[in-house]
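Here is how the chains run, residue by residue.
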Amino acid sequence: MSRFLSQRVQRVPHSGIRKFFDIAATMQDVISLGIGEPDFVTPNPIRRAGISSIEAGRTQYTSNSGLLELREAIAAYLERLYGVHYDPETEVLVTVGVSEAMYLIMSAVVNPGDEVIVPDPTYVSYTAEVILTDGIPVLIPTSIDDDFQVSPAAVERAITPKTKAILLGYPNNPTGGVLEHQRMLEVARLAERYDLLVISDEIYDRLVYGVEHVHFAGLPAMKERSVVLGGFSKSHAMTGWRLGFAVGSVEIIGAMRKIHQHTIYVGPYQRTICRPGWLARW
Ligand SMILES: Cc1ncc(COP(=O)(O)O)c(C=O)c1O
C-alpha cells in the first residue's frame, strides 16, 4: 500500500520517543523519562476554571484565532515578562500547542528546497516539520563543551542562497542548554545581514535557572523578522490541554491563521466525551 503514500511522508521517520511514551503508558510503576512532562499537575485554579467553563456550557467553537480574551492575556503576559508589545487582534494566534504552531510556521514560510538551519541535538519534531513542508533541515552540531549553545560562526558558515530561516529551540530540549545573550545578538545580526527569518521555540522560557530568559523578538530589530512560539504545557503543567501560541508580524501570523483555519478546530469539550464507554453509548 505504500505506493499511495507521498514521498514527503516516507522521508520522515516515526517518532521513537512517542513509541517509548506509549509503551511506558501501558506499564505500572514506570517513570517515563521520554517526554517533557512537568512533575506537578495543572494548578487547581486552572482546573477549576476549566470545569466551571464546561459546566456553564461553553463548549462551542471559539474564534478560530483563539478567544480574544486569551489573546489579550497572552499579549499582556509577554509585555509584562519581556516588554514586547503584540497586537492581540493581528499578531497573536492561539494554537493546539507549540506542536501545531511549528507545523503552521513551517507551512507558512517554507518553499520546496528552502533550507532551515537547526542546532543539533534538537527537539524530535523540528527536522520532521521541515521535511514535511518539503524544506531541507541543515543541522549544526552543538557540544557539551560549549553548553550546547549554537555557534554564530557555524550558523554563518551554513547559510546559503537557499536559507530561509534559523530555527532556535532555547532553552533546549533535549540538552537543557540556554543561549547566552551575546550569541543571540550575533544570530540576530546574521538574520538581518542575510535577510532570514528566526523561528524561536520558547516553550521552556519559564524553566531557566540563574539567568533571565530573553524573548528573541525583543532583541533590536527582531520583532519584524522573528516568530516566537510558546505555550502553557510546561510552565503551567498543561500538556494535555493542548494550548500554545505564536506571536509575530501581521503577515506571518495571518498566513499561519489561514492554514490553521483550514485544518483545526479543537476545544475543551474533547474531555467531556472521552470517558470510558461514552462514545460507544452515543
Ligand atoms: C522543545 C519543545 N517544543 C515543543 C513541544 C511541544 O509542546 P506542546 O505541548 O505545546 O505542543 C515540546 C514538548 O515536549 C518541546 O519539548
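Bear in mind that the values here come from a model prediction, so they are computed numbers and not experimental data.

Trainee: Break down the sheet that holds strand β4 (residues 163–168) for me, with residues and values.
Mentor: Across the sheet, which stays open at both edges, the seven strands sit in the order β1-β7-β6-β5-β4-β2-β3 with mixed pairing between neighbours. Where the open sheet ends on each side, the last strands, each with one partner, are β1 (92–95) and β3 (136–141). The average undirected angle you get between the axes of adjacent strands in this sheet is 20°. Where β4 lies against strand β5 (residues 197–201), four bridges are found, and the strand directions are parallel. Bridge assignment links I166 to a residue of β5, and that residue is V198.

Trainee: A description of the environment of A76 should follow, citing residues and the corresponding values.
Mentor: Mapped onto the elements of the fold, A76 is located in helix α4 (residues 68–82). For the pair A76 and P88, spaced twelve residues apart in sequence, the C-alpha to C-alpha distance is 8.9 Å.

Trainee: Let's hear about helix α8 (residues 181–193): which residues, and what values?
Mentor: Over its 13 residues, α8 runs 18 Å from end to end, which matches the ideal 18 Å to within 8%, given 1.5 Å per residue. Restricting attention to buried positions, one finds in α8 the residues M184, V187, A188 and A191. Buried residues of α8, seen end-on, are gathered within an arc of 105° and therefore sit on one face of the element. Along α8, the residues that are exposed and aim more than 90 degrees away from the buried face are Q182 and R193. The secondary structure elements touched by the buried residues of α8 are α7 (152–158), β4 and β5. Following α8 by one or two positions, D195 adopts a phi angle in the positive range, close to 55°.

Reading the values: rules and limits
Residues numbered from 1 in each chain as written. Predicted model: local features only at pLDDT ≥ 70, side-chain atom pairs only at ≥ 80, totals over all residues. Pairing = 2+ DSSP bridges. Helix = DSSP H or I, 4+ residues; strand = E, 2+ residues; numbered from the N terminus. Axes fitted to C-alpha atoms, helices over the stretch in contact; angles between N-to-C directions. Expected span 1.5 Å × (residues − 1). Buried ≥ 20, exposed ≤ 12 C-beta atoms within 10 Å, placed from the backbone. Arc of directions from axis to C-beta. Contact = placed C-beta atoms within 7 Å.

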